[in-house]
Amino acid sequence: MRLENKRILVTGGAGFIGSHLVDLLIAKNSITVADNLSPDRQKTLNKKANYVNVDLLDKNSVSAAVKNIDLVIHLAANPLASVTASSEMMGNITMTHNILEAMKENNVKNIAFASSAIIYGNAPAPTKETYGPLKPNSLYAASKLACEALISSYCHTFGLQSWIFRFANVGGPRLRHGPTHDFIVKLRANPAELEVLGDGTQLRCYLEVNDCVNGIVKVIETADDVVNVVNLGAEDVISIKRIAEIVVEEMRLDAKLKFTAKEAKGWKGDVRIFQPDITLAKSLGWKPKLTSEQTVRETVHSLVKEI
Ligand code: NAD
């Protein structure tokens, strides 16, 4: 689907990934952002986009927002939610269900969705899209897998087309959650010591946010199955310990790292290695420009000025 002269609804378009995506799409498309703006989000709302302040958990307001739209890019979710919070899990599923119902009512046929490679759980890495059976190990991951299933079923039952993205960790300006952000916040509170959950050997794949939004556009423009499931990530991984060291270095501190465990597991729902295989996305003509370490450094540079 060519992303030119389209009427696009971006849910969560005032958030981290959404605001960068809106900045990219706005030149050639008419963009409406549907978001309920948490307080620190207002400054990332692109002024050229139309904006509807809507709680996507409210079915009736969602239906109004979806009218006269060519493509819904559904990014809204609660990634800050505790991995064990069942209300947040249900919230993510309800939002997606409300959007699909609204699309059905308003005859809107195209949806792109932000899933996560965290749904692979402790699968062997790098993990391909075809890996299964999937055994997610957090409620957040379960919500993403449930949303994927809902989207697939609406595509096959009601004639929709979808692009489902399984992102690695995404980093860059405006990020407000995850280890890089949390380490900065912790070091501001205690510059002498940085607590790292687990033994720090957990491996993460970090995708730079511009690489991410360029990947979203490339895949929507080139993949043409009814349900397109595509991983987006960097080509390498970085350890949590290395992320902590980079944050300490970039903040020019001399903090000691304190590990909370002797195993590669920092919290319930944590995975030892998190790396989507990006062969499919590359075959569609996309390639990430930055490595995981470059992305982490760029994120820290931006965040120390922003927060
Ligand atoms: P974010 O928190 O920065 O943005 C989410 C946006 O959704 C926010 O602006 C928030 O106000 C909005 N939102 C949440 N609940 C809403 C509701 N009920 N009604 C209206 N708006 C609501 O998150 P992000 O990092 O930009 O992530 C975007 C998407 O990508 C999410 O679905 C997330 O699960 C997924 N994802 C993110 C990452 C990552 O590393 N950032 C990795 C994998 C998947």
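You'll find the structure just up there.
Just so you know, these numbers come straight off a predicted model, no measurement behind them.

Visitor: Explain unusual backbone geometry to me, please; I cannot follow it from the model alone.
Guide: Glycine aside, a negative phi is what most residues show, and trans is what most peptide bonds show. Residues A125 and P126 are joined by a peptide bond in cis, for which omega reads -5°. Along the chain, P126 falls in the loop between β5 (110-116) and α4 (139-158). Looking along the chain, the bond that leaves G132 and enters P133 is cis, with omega of -5°. Secondary-structure assignment places P133 in the loop between β5 and α4. A positive phi angle, close to 60°, is found at N68, a residue other than glycine.

Visitor: Explain the sheet that holds strand β4 (residues 71-74) here, please?
Guide: Hydrogen bonds between backbone groups are what pair the strands of a sheet, and the pairing can be parallel or antiparallel. Ordered in space as β3-β2-β1-β4-β5-β6-β11, the 7 strands form an open sheet in which the pairing is parallel. At either end of the open sheet lies a strand with only one pairing partner, and these are β3 (50-53) and β11 (227-232). Strand-to-strand, the axes of this sheet are offset by a mean angle of 20°, without reference to chain direction. Bridging between strand β6 (residues 161-167) and β11 involves 6 bridges; their strand directions are parallel. Each bridged residue has a counterpart across the sheet, and for S162 the counterpart in β11 is V227.

Visitor: Even after reading the chapter, I still don't get the sheet that holds strand β9 (residues 203-204), so can you show me in this structure?
Guide: Here 3 strands make up an open sheet; going across it, the order is β12-β9-β14 and the pairing mixed. Each edge of the sheet is formed by a strand with only one pairing partner; in this case those strands are β12 (238-239) and β14 (273-274). Relative to β14, β9 runs parallel, the two being bridged by 2 bridges. Bridge assignment links L203 to a residue of β14, and that residue is I273.

Visitor: What is the right way to read the pairing of β6 from this model?
Guide: Along any regular strand, the residues point their side chains to alternate faces of the sheet. Among the 7 residues that make up β6, 7 are buried, leaving the element largely enclosed by the rest of the structure. Taken together, the 7 bridges between β5 and β6 define a ladder with parallel strand orientation. Across the sheet, residue A112 finds its bridge partner in β6, namely W163. Between the parallel elements β5 and β6, the chain passes through α4 in a crossover that is right-handed.

Visitor: In this structure, what is going on with helix α9 (residues 292-306)? I would like to understand it.
Guide: Residues spaced three or four apart along an α-helix face the same direction, because each turn holds 3.6 residues. For α9, with 15 residues, the first-to-last C-alpha span of 21 Å sits near the 21 Å given by 1.5 Å per residue. The set of residues buried in α9 consists of S292, T295, V296, T299, V300, S302 and L303.

Visitor: Quick question: what am I supposed to make of the site of the ligand here?
Guide: Every one of the 29 residues lining the ligand counts as a neighbour, but F16, I17, D35, Y140 and K144 are closest to it. Between G15 and the ligand, the recorded distance is 3.2 Å, taken from a backbone N or O atom to an oxygen atom. In the environment of the ligand, an oxygen atom lies 2.8 Å from a nitrogen or oxygen atom belonging to the side chain of K144. About the coverage of the ligand: the protein hides 93% of its 830 Å² of free accessible area. When contributions to the shell around the ligand are tallied by element, the ones reaching two or more residues are α1 (16-25), β5, α4 and β7 (169-171). Taken together, the residues that form the shell around the ligand break down as 17 nonpolar, 8 polar and 4 charged.

What counts and how
- Residues numbered from 1 in each chain as written.
- Predicted model: local features only at pLDDT ≥ 70, side-chain atom pairs only at ≥ 80, totals over all residues.
- Heavy atoms only, no water.
- Helix = DSSP H or I, 4+ residues; strand = E, 2+ residues; numbered from the N terminus.
- Pairing = 2+ DSSP bridges.
- Axes fitted to C-alpha atoms, helices over the stretch in contact; angles between N-to-C directions.
- Buried < 20%, exposed > 50% of the residue type's maximum accessible area, 1.4 Å probe, protein only.
- Right-handed = clockwise from strand over helix to strand, strands pointing away.
- Expected span 1.5 Å × (residues − 1).
- Near = heavy atom within 4 Å.
- Polar contact = N/O pair within 3.5 Å; in protein donor to acceptor, adjacent residues only side chain to side chain.
- Areas by Shrake-Rupley, 256 points an atom, 1.4 Å probe, with all protein chains shown as cover.
- Nonpolar A, V, L, I, M, F, W, Y, C, P; charged D, E, K, R; others polar.

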